[in-house]
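A look at the structure
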Amino acid sequence: MRDRGRARRRFPPGRNGRKGPWLALLAAAMLATGAGYLAFEARVAREFERLDTLLPTRIVARPWTLRPGGIATPGRAIDYLERVGYRRVSSRTPDSGEFSLRRGELIVGRRALRLGDLFDSGVRAHVRFRRDGRVSSIRDDEGGHLAGLLLDPEAIGTAHGDRNRDRVAVPLEQVPDHLIDALLTVEDRRFHEHGALDPRRIAGAALSNLRQGRVAEGGSTITQQLARTLFLSTDRTVFRKLREAVTAVALERRFSKHRLLEAYVNHIYLGQNGGDAIHGFGRAAQFFFDRDITELTLGQSALLVGIIRGPSLYSPHRHPERARARRDVVLRQMHALGHMDDDRLENELGAAVDIRRPATPDIDARWYMDFLRRELSAGEPGLELNGSGFTVVSSLSPELQRIAERSVSDGLARLERLHPRLGEQRRPLQAALVALDPSTGEVLAMVGGRSYGASQFNRATDARRQPGSAFKPLVALAALDPRANPPFTLASVLRDEPLMLDTPTGPWRPSNADRAFLGPINLRDALVGSRNVPFARLGLAVGPERIVETARRVGIESPLAPYPSLALGAFEVTLLELTGAYAVLATEGRRASPRAVQVVLDRLGRIIREPIRTGERVITPAEAYLVTSALRGVVEEGTGRGVREAGYRGPVAAKSGTTNGSRDAWFVGYTPEVAVGVWVGFDDGARVGLPGSRAALPIFADFLIQAVGPAGGRDFRFPEGVEWVDIEPATGRRAGWGCRGEPELFLAGTAPDSWCGYRPGPWRRRSLAPSSPATIDGPGSFSRGRVPDRADGRGGPDEGPRAAGTR
């Protein structure tokens, strides 16, 4: 009985007996809530890690490094410095981001450079120049010699990602102490003492707001502000404030104070640059003061901290007086906490607010940027730029890009002014230009059309058009290949006579532009004069298949069919392809695929993509030189004479191209330093009505003169394996006594064995060393009537009769 009583007391009936299920439900709810919060906390931590690594990718132009002995003038260096935002001073020593020119010495306060996490502190350099346009010496302030001075690369683009937040990540260790002091003084003095929330500050803010009858002071901690910046909107609602507090608690539980403060420094919103939001003090230092965060003064740090309260209200660009007043408030609060003495406060309050607007790019390289993005995404592994935090050092030369844009714009305006009908078409006349470094394949400049805003289609890389006669150098290259059967030389005689060929689509009758026929003509003169019929015959003799194979070797990837019309440029190619093929000739037969990227660095400054140095030899230097010599003749005697008439005197090899109906106009050429291609036409294939020598050549010449100067650069090298032999032009045989001879270039051992006239004995034969260079009559001109006798390229006296007149 006693046991049964105890049992009844242990499990009493009635109302008290129902507490068990409720307690179980309460425990389950608490467990679910805890599990839910832990899941929420984990989600917050993952998203925080993701957002903290989300950084804009910055694309910069190829940097310019001044080196002793390198080509540079004070004027050119000053132009570059001003373009990247340096300011000229005269009455004092240049500070960071400034320069001066005194008695021929350029003094540069080179800013600190930051590429990803790679950091190079600033330096003041003294640069002296020689009279021949080269750098004499570079020294630091202590007089020590510097091997080089790397100047700030021009920024040409930024890929922000989906949030359009522009920021520069900075380790907390590189942030000046006075900026941290200012930040904690104003925003969260007890940051290192409280948790996610500061009850004392919340209570103080509530009392202050109650007294003033409005929200005059906030009680958010730095962690709360960080939570709001990263995860929430700025709406002032109770629900948003509650989420902010919960998120802040999650952050404080997962991350150290050091990590949270560093994230705040790098993420806090500080203003707008057009459609881009400026986040973090690293980017704000560049945007408002044009300097690295490590170079900020106390006053500048105080001003940036003051902006936090109202980035629009206290914007230094729009409201400099308000920004200064807010800076002074921050400085006085710092003084009150003992961060500076009275004298320092007085000096800082009296300092002017020196706000600088960042240099804005004056080039429109958006076609180039599209090409660069495509190149990066197509590589192994493919790289996505948006928000990756990469630094892409590109191949673009801002100086040449400006010249290219100006040359295309001026050239189109000139054509429409001289030929008004071109401006009256249904669609606007278009032009494209691409410039390559032949030795590396790097794209130096690219213009894909008239206006990127009106059309993003890149006519330099994506438009396939018939090149016409601009394709003939590749036909000549195939014919001059020693493996060709039959073998050809520049002296080979072709027939400029009517030709009719039966094809599956009907008779094919090629014609010359002048509708005339000249009879026998050698290969050189047929190329210089751009004779279609002789080249049609040459293509048939060489074989269309060999022409296709040669085109593939020099980089043409567009579809080509082995049809007879291939020799006259009937199959479509892109401007970039054809310019790259000409660049192979400029590099004496080495092919470097066109590319836009020099190197890619990750956010830690590590190289994650560097270009593959191709430089594959696809033709011999001797073969390339034969074609180059003929294309130099095009500029002297043929359709490229307009280059000389425009004022260019330096070495250049080039060829024009015009398609049937004058729908496409081309001019492509090269020097040893640069290969340039220009196309002019309508997108819908409407008739331009002008040959390449009148529509595209003026743009080419304008660009070349500005890019390398009227006198040009170095000359083409005369390679081994080439020799000069006097040839009788009408027959292509060696010129003996009694025959009119002209000197011609041959691959060693390929000159004809047959003679015209009386064959001289060994004692009368000219000694022609393979190392003898092409003849130069003045800078860059090529003449077959003057035979060189020196290895340095200077011509010797005439030997034998010269050709009468110009062919």
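Please read these numbers as outputs of a predicted model, since none were measured by experiment.

**Let's talk about the overall build of the protein chain**
Across its full length, the protein chain carries 23 helices and 32 strands. A total of 807 residues make up the protein chain; the buried ones form 54% of that total. Counted over contacts in the protein chain with a minimum sequence separation of 6, partners at least 24 positions apart contribute 67%. Surface exposure of the protein chain reaches about 36,600 Å², of which carbon and sulfur atoms provide 51%.

**Focus on the environment of Arg426**
Positionally, Arg426 belongs in the loop between helix H14 (398–418) and strand E16 (430–436). Given a relative accessible area of 68%, Arg426 falls into the exposed group. With 260 residues separating them along the chain, Arg426 and Ala686 place their C-alpha atoms 9.3 Å apart.

**What about the packing of aromatic side chains?**
According to the stated counting rule, one finds ten aromatic pairs in the structure shown. On the basis of an interplanar angle of 45° and a centroid distance of 6.2 Å, the ring pair of Tyr37 and Phe40 is categorised as tilted. Here the residue Tyr37 and the residue Phe40 both occupy positions in helix H2 (residues 19–53), the gap between them amounting to three residues, near one helical turn. You can call Tyr37 partly exposed: its relative accessible area is 23%. Taken together, the ring pairs in this structure connect Tyr582, Tyr670 and Phe716 into an aromatic cluster. Taking NZ or CZ as reference, Arg76 lies 4.5 Å from the ring centre of Trp64, over its face.

**Some details on the confidence of the model for the protein chain**
Chain-level statistics for the protein chain give a pLDDT mean of 86 and a share of 88% at 70 or above. Residue range residues 1–11 is modelled with pLDDT below 50. Its contacts to residues more than four positions away, or to other chains, number zero contacts. Of the regions scoring below 50 in pLDDT, residues 762–807 engages in 100 contacts with residues more than four places distant in sequence or in other chains.

**Focus on the environment of Val708**
Among the structural elements, Val708 can be located in helix H23 (residues 697–708). By relative accessible area, Val708 is classed as partly exposed at 26%. Considering only alpha carbons, one finds Val708 and Glu673, 35 residues apart in sequence, at a separation of 8.6 Å. Every residue in contact with Val708, bar those within four places of it in the chain, is listed here: Tyr648 and Val674.

**Comments concerning a nonpolar patch on the surface**
Together, Leu23, Leu26 and Met30 make up an exposed nonpolar region whose accessible area comes to about 340 Å². Along the chain, the position of Leu23 falls in helix H2. The exposed category is assigned to Leu23, whose relative accessible area is 56%.

**With respect to the pattern of salt bridges**
Using the criterion set out here, one finds 51 salt bridges in the structure. Here Glu442 ties to Arg595 by a salt bridge, and the two come within 3.3 Å at their closest N and O atoms. Of the two residues, Glu442 sits in the loop between E16 and strand E17 (443–447) while Arg595 sits in the loop between strand E22 (590–591) and strand E23 (597–601), which places them 153 residues apart along the sequence. Given the relative accessible area of 5%, Glu442 is considered buried. Here Arg595 falls in the buried class, since its relative accessible area comes to 8%. Measuring nitrogen to oxygen at the nearest pair gives 3.2 Å for the salt bridge that ties Arg553 to Asp481. Residue Arg553 is located in helix H18 (residues 544–553), and its partner Asp481 is located in the loop between helix H15 (472–480) and strand E18 (493–496); the two are separated by 72 residues in the primary sequence. A residue is classified by how much of its surface remains accessible, and Arg553, at 17% relative accessible area, is buried. One continuous salt-bridge network, built from bridges that share partners, spans Arg87, Arg92, Glu98, Asp354 and Arg356.

**With respect to unusual backbone geometry**
Outside of glycine, negative phi angles account for most residues, and trans bonds account for most peptide bonds. With an omega of 5°, the peptide bond between Asn485 and Pro486 qualifies as cis. Mapped onto the fold, Pro486 is located in the loop between H15 and E18. Positive phi, close to 55°, is recorded for Asp290, a residue that is not glycine. When its relative accessible area of 12% is taken as the criterion, Asp290 is described as buried. Backbone geometry places Glu588, a non-glycine residue, at a positive phi of 60°. Under the relative-accessibility criterion, Glu588 is labelled partly exposed at 22%.

**Things to note about a negative patch on the surface**
A cluster of like negative charges, contributed by Asp341, Asp342, Asp343 and Glu346, occupies part of the molecular surface. Tracing the backbone through its elements, the reader meets Asp343 in helix H12 (residues 342–350).

**Examining the pairing of strand E4 (residues 98–102)**
Examined bridge by bridge, strand E3 (residues 87–88) and E4 share two bridges and lie parallel to one another. Bridging across to E4, Arg88 finds its partner in Phe99. Where E4 and strand E5 (residues 105–110) come together, four bridges link them in antiparallel fashion. Within the sheet, the bridge partner assigned to Arg102 lies in E5 and is Glu105. Between the antiparallel neighbours E4 and E5 lie two residues, among them Arg103 with a positive phi of about 50°.

**Quick look at the side chain of Glu577**
With respect to the helices, strands and loops of the structure, Glu577 is situated in helix H19 (residues 575–586). Arg464 provides the closest opposite charge to the buried, unpaired Glu577, separated from it by 4.7 Å. Reaching out from Glu577, the side chain makes a polar contact with the backbone nitrogen of Thr574 at a distance of 2.9 Å. Every residue in contact with Glu577, bar those within four places of it in the chain, is listed here: Gly555, Ile556, Glu557 and Ser558.

**Details of the sheet that holds strand E9 (residues 135–139)**
Sheets are built from strands paired through backbone hydrogen bonds, the pairs being either parallel or antiparallel. Strand order across the open sheet formed by five strands is E3-E4-E5-E8-E9, with mixed pairing between neighbours. Each edge of the sheet is formed by a strand with only one pairing partner; in this case those strands are E3 and E9.

**Overview of the sheet that holds strand E31 (residues 742–747)**
As summarised here, the arrangement of the four strands in space is E31-E29-E30-E32, forming an open sheet in which the pairing is mixed. Edge positions in the sheet fall to E31 and strand E32 (755–756), since each of these pairs with one other strand and no more. Here strand E29 (residues 722–728) pairs with strand E30 (residues 733–735) via two bridges, running antiparallel. Residue pairing in the sheet places Ile727 in a bridge with Arg734 of E30. Contacts between helix H20 (residues 621–637) and the sheet are confined to E29 and E31, with E31 contributing the most and set at about 150° to the helix.

**Concerning the pairing of strand E13 (residues 269–273)**
In the sheet, E13 pairs with strand E14 (residues 276–279) via four bridges, with the strands oriented antiparallel. When the bridges of E14 are listed, Gly271 appears paired with Ile278. Adjacent in sequence and paired antiparallel, E13 and E14 are bridged by two residues, among which Gly274 carries a positive phi angle near 65°.

Conventions we followed
All chains use their own residue numbering, which begins from 1 and follows the written sequence. Local features in a predicted model are, by the rule used here, given only for residues with pLDDT of at least 70; side-chain atom pairs are given and counted only at 80 or more, and totals for whole chains, interfaces and linings are based on all residues. Derived side-chain values reflect all non-hydrogen atoms in the structure, with water molecules and hydrogen atoms excluded from consideration. In this description a helix means any DSSP run of H or I spanning at least four residues, a strand means any run of E spanning at least two, and both kinds are numbered starting from the N terminus. For every residue, the accessible area (1.4 Å probe, protein chains only) is compared with the maximum for its type, and the residue is labelled buried under 20%, exposed over 50%, or partly exposed between those bounds. We call two residues in contact whenever any of their non-hydrogen atoms come within 4.5 Å of each other. Residue-level accessible areas treat just the shown protein chains as cover; the underlying method is Shrake-Rupley with a 1.4 Å probe. Only the six-membered ring of Trp is used, alongside the rings of Phe and Tyr, when aromatic pairs are assigned; centres must lie within 6.5 Å, and planes under 30 degrees apart are stacked while those over 60 apart are edge-to-face, with the rest tilted. Throughout this description, the term charge over a ring refers to an Arg CZ or Lys NZ atom that lies within 6 Å of the ring centre and within 35 degrees of the ring normal. pLDDT measures the predictor's confidence residue by residue and takes values from 0 up to 100. Patches here are clusters of residues that have more than 30% relative accessible area and form no salt bridge, with a 9 Å joining cutoff for like charges and a 5 Å cutoff for nonpolar side chains (Val, Leu, Ile, Met, Phe, Trp, Tyr). The salt bridge criterion pairs a side-chain nitrogen of Lys or Arg with a carboxyl oxygen of Asp or Glu, the two atoms within 4 Å. The convention is simple: Lys and Arg are positive, Asp and Glu are negative, and His and the chain ends are not counted. Every charge is mapped to an atom, namely NZ of Lys, CZ of Arg, CG of Asp or CD of Glu. When DSSP finds two or more bridges between a pair of strands, those strands are recorded as paired. The definition of a polar contact used here is a pair of N or O atoms within 3.5 Å, where within protein one atom must be able to donate a hydrogen and the other to accept one, and adjacent residues in sequence count solely through side-chain atom pairs. Whenever a helix is involved, its axis is fitted only over the stretch in contact; in every case the axis is a line through C-alpha atoms, and angles between N-to-C directions fall within 0 to 180 degrees.

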